[in-house]
Amino acid sequence: MRITALAGGIGGARFLRGLRRARPGDDITVIGNTGDDIWVHGVRVCPDLDSIMYTLGNAISVERDWGREDETFVVKEELAAYGVEPTWFGLGDRDLATHLVRTQSLNAGFSLSEVTAALCQRWQPGVTLLPMSDDRAETHVVVDLESGRTAIHFQEWWIRYRAAIPALGFPVIGIDDATPAPGVIEAIAEADIIVLPPSNPVVSIGVILQVPGIRAALGKARAPIVGLSPLIGAAPVRGMADACLRGIGVQTSALAVAAHYGSRRDGGILDAWLLADSDDSMLADVRALGIVCQSAPLLMHDVDATAAMAHAALALVS
Ligand code: FO1
């Protein structure tokens, strides 16, 4: 079977580890979000691609869920000693090597796809990891600061402000001129099953869907599309999806996110939706949208639990 997943950072990466465990013989392609990407201290950082690569390569920091295990931050401290901004960005020493290799390769004219494939040679993630686009498209957040209304980079909103300032919008700068990376449309068109992991529906999956051509490809894909709710009850399992959903006027509930993605029948992208067993009061309402729906435990507390989630999701559309 060919499985294609659209994934963001932490939630997506964790789910993919379970999907890989659940379907070891299948060919899994991941379309990774690059809207989080940022130039910082002269290097190109791709947080979601790196979270997926490190998680599936067993190098992710278990404590932080981003960056490397056994990490140090000496370079970050030295940069701060020079008073160089941004001091809020957690640039790890081991992680810096990844960004240096990526930056050198990009400067040599290689595409982000080529660079990502080269980095994955070392980490052997067990999936094909494709950036959603090789073109620069960066998620920003419109906020009201003392200095007035402005758009700051998503990473600054997420890390420096902990998403605590109300988001008034998430413009993705450059997205209109971006094209899907090589292999992305094919991975959607040729998939036997398409999965939307419990990633952030606004700034992860929501950004991938804005790459011109991707949403249309999903709409006409022959494969069924199954999503997993990133929310349990009225709260995200992790991260700050609720702050993001508020920013686009979507309620923080598994039903609201399913409605936001929309059923394939109504021009949306979902055939099936897996929600948390504690939310099975929503089953009838999701089904009324024309979306097949079941509930299951959705806490990814270990790989076996995540593999069980993956099995439950795939069973909805097999
Ligand atoms: N998240 C934080 O909360 N604080 C950080 O300092 C931080 C640094 C960082 C560096 C590299 C990287 O790949 C990810 C990093 N993240 C950090 C996580 C990142 O901001 C988020 O995981 C994603 O962008 C949201 O999906």
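For clarity, every value in this text was computed on a predicted model and none was experimentally measured.

What follows covers the sheet that holds strand S13 (residues 272-276). Taken in spatial order, the 7 strands make up an open sheet running S5-S2-S1-S9-S10-S13-S14, and their pairing is parallel. A single partner strand is all that each edge strand has here, and the edge strands are strand S5 (128-131) and strand S14 (292-296). Looking at each pair of strands side by side, their axes are set apart by 20° on average, direction ignored. As paired elements, strand S9 (residues 193-196) and strand S10 (residues 225-228) share 3 bridges and run parallel to each other. Its bridge partner being in S10, Leu196 is matched across the sheet by Gly227. The sheet contacts of helix H1 (residues 10-22) involve strand S1 (2-7), strand S2 (27-32), S9 and S10, and relative to S1 the element is tilted by about 165°. Against the sheet, helix H2 (residues 47-56) engages S1, S2 and S5, with an angle of about 175° to S5.

Moving on, we get to the packing of aromatic side chains. All told, the structure shown has 7 aromatic pairs when counted by the stated rule. Where Phe154 meets Trp157, the ring centres are 6.1 Å apart and the plane angle is 50°; that geometry is what we call tilted. Of the two residues, Phe154 and Trp157 both sit in helix H6 (residues 154-160), 3 residues apart, roughly one turn of that helix. On the basis of relative accessible area, Trp157 is assigned to the buried category, the value being 0%. With a centroid separation of 5.5 Å and 75° between ring planes, the pair formed by Trp157 and Phe170 is classed as edge-to-face.

Where H2 contacts helix H4 (residues 93-107), the axes come no closer than 12 Å and their chain directions differ by 120°. Considering their axes alone, H2 and H4 lie oblique with respect to each other. Where H2 crosses over H4, the two elements pack in a sense that is right-handed. Contact residues: H2 offers Asp50, Met53 and Tyr54, while H4 offers Asp95, Thr98, His99 and Arg102. A breakdown of the residues in the contact of H2 with H4 according to their chemical character gives 2 nonpolar, 2 polar and 3 charged.

Attention shifts here to the environment of Arg21. Among the structural elements, Arg21 can be located in helix H1. On the basis of relative accessibility, which here comes to 45%, the residue Arg21 falls in the partly exposed class. In this structure, the C-alpha to C-alpha distance between Arg21 and Thr306, residues 285 residues apart in sequence, is 8.6 Å. The residues contacting Arg21, other than those within four sequence positions of it, are Val303, Asp304 and Ala307.

So, how was this worked out
Residues numbered from 1 in each chain as written. Predicted model: local features only at pLDDT ≥ 70, side-chain atom pairs only at ≥ 80, totals over all residues. Heavy atoms only, no water. Pairing = 2+ DSSP bridges. Helix = DSSP H or I, 4+ residues; strand = E, 2+ residues; numbered from the N terminus. Axes fitted to C-alpha atoms, helices over the stretch in contact; angles between N-to-C directions. Contact = heavy atoms within 4.5 Å. Phe/Tyr/Trp six-rings, centres within 6.5 Å; stacked < 30°, edge-to-face > 60°. Buried < 20%, exposed > 50% of the residue type's maximum accessible area, 1.4 Å probe, protein only. Parallel < 35°, antiparallel > 145°, perpendicular 65-115°, else oblique. Left-handed = near helix turned anticlockwise from the far one by under 90°. Nonpolar A, V, L, I, M, F, W, Y, C, P; charged D, E, K, R; others polar.

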